[in-house]
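Listed here are the chains, written in short residue letters.
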Amino acid sequence: MKLFLLVPVLVASITFLEPTFRKEDACPQFLFAPGIHLQTIKVDPQSGLWSIFFRAQPGSEVGYHRHIGTVSGLTLSGKWYYEEHKEEWVATKGAYVEEPAGSGHTLIIPADGEEETEIFFQIDGALEFRNATTMEVLGTFDWTNLVELQQKQCSEENALCSCLDNVVALDSGACKI
C-alpha cells in the first residue's frame, strides 16, 4: 500500500508591473547652459540614476566635468565629441557612448553642425564640474539639481511634470521619494 502525502499549496497573488508611458511633453525642456536644453525623462532617487533628453545648438558645449558613476549616451541627431577625444571619434546619429565612472571631459557640439544635436543620456550619480587646468571642483550636478530646475520650469509654464511623479519636493528645495 502506497501512502501519498498531500501538501497544501499556498498560492500567492502575483502582481504584474505595468509599463510607464509618458508623452513627449510630459516635462518641458529647460535651459541648462547657453544653447543647451535638457528634458527630464526619469529620476530614481533611490539609486541616483537619472535619464535626460539633451538638445544642443551647434557651437555649444558643456564645460569640463568628471562623472562619479557611469554614463550611457545614444545620439539621436547631430554630432558631438569630447574635446579630449576629438581625434579618436565624433558621435553622429546612432552612435552609442559609454563613459566609465571617474571619466572627465568637455562635451563639444561643433559649430559647423547643420542641425541641433539630440542625445539620450542615462547618468548614474553626480557630475563634478572642474577647472580644466587645476582640476579644482567648481560645483556638482546630480538628480536633485535636475529636479529643482525641472520643477522651476514646470512652475513657470504652469505645466504638470509627470516625469517627476516618483519625486516629492520639500520646502528646503531638496527632494525625497
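Conventions and cut-offs
- Residues numbered from 1 in each chain as written.
- Predicted model: local features only at pLDDT ≥ 70, side-chain atom pairs only at ≥ 80, totals over all residues.
- Heavy atoms only, no water.
- Buried < 20%, exposed > 50% of the residue type's maximum accessible area, 1.4 Å probe, protein only.
- Helix = DSSP H or I, 4+ residues; strand = E, 2+ residues; numbered from the N terminus.
- Pairing = 2+ DSSP bridges.
- Expected span 1.5 Å × (residues − 1).
- Arc of directions from axis to C-beta.
- pLDDT = per-residue confidence, 0-100.
- Salt bridge = Lys/Arg side-chain N within 4 Å of Asp/Glu carboxyl O.
- Phe/Tyr/Trp six-rings, centres within 6.5 Å; stacked < 30°, edge-to-face > 60°.

## Side note on the pairing of strand 3 (residues 49-56)
Counting buried residues along strand 3, seven of its eight residues qualify, which places the element largely inside the surrounding structure. As judged from the eight bridges shared by strand 2 (residues 36-44) and strand 3, these two strands associate in the antiparallel manner. In the sheet register, His37 faces strand 3, and the bridge partner there is Arg55. With antiparallel pairing between neighbouring strands as the criterion, strand 2 and strand 3 make up a hairpin whose turn holds four residues, including Gly48 at a positive phi of roughly 80°. Bridging between strand 3 and strand 10 (residues 117-124) involves eight bridges; their strand directions are antiparallel. Pairing of Phe54 across the sheet is with Ile119, part of strand 10.

## Concerning helix 1 (residues 143-157)
For helix 1, with 15 residues, the first-to-last C-alpha span of 21 Å sits near the 21 Å given by 1.5 Å per residue. Taken as a whole, helix 1 has its buried residues at Trp143, Leu146, Val147, Gln150, Gln153 and Cys154. Taken end-on, helix 1 shows its buried residues confined to a sector of 130°, consistent with a single buried face. Exposed residues on helix 1 whose side chains face more than 90 degrees from its buried face are Ser155 and Glu156. Once helix 1 finishes, Asn158 follows within two positions and takes phi at roughly 50°, a positive value.

## Remarks on the confidence of the model for the protein
Looking at the protein, pLDDT values average 85 and 82% of them are 70 or higher. Predicted confidence in the protein is weakest over strand 14 (residues 175-176), with a mean pLDDT of 36, and strongest over strand 5 (residues 71-77), with 98.

## Focus: the pattern of salt bridges
In total, this model carries seven salt bridges according to the counting rule given. Arg130 is the partner of Glu128 in a salt bridge, and the nearest nitrogen-oxygen pair spans 2.6 Å. With a relative accessible area of 18%, Arg130 lands in the buried category. Taken together, the shared-partner salt bridges in this structure form one network comprising Arg55, Glu116 and Glu118.

## Observations concerning the packing of aromatic side chains
Applying the stated criterion to the full structure yields seven aromatic pairs. Centre to centre, the rings of Trp80 and Trp89 are 5.5 Å apart; their planes meet at 85°, and the pair counts as edge-to-face. Given a relative accessible area of 0%, Trp80 falls into the buried group. We classify Trp89 as partly exposed; its relative accessible area is 26%. Three or more aromatic residues joined by ring pairs form one cluster here, namely Phe54, Trp80, Tyr82, Trp89 and Phe121.

## Focus on the pairing of strand 5
Strand direction decides the pairing type here: strand 5 and strand 8 (residues 96-99), joined by four bridges, are antiparallel. Its bridge partner lying in strand 8, Gly73 is registered against Val97. Here six bridges tie strand 5 to strand 10, and the two strands are oriented antiparallel to one another. Looking across to strand 10, one finds that Thr75 is bridged to Ile119.

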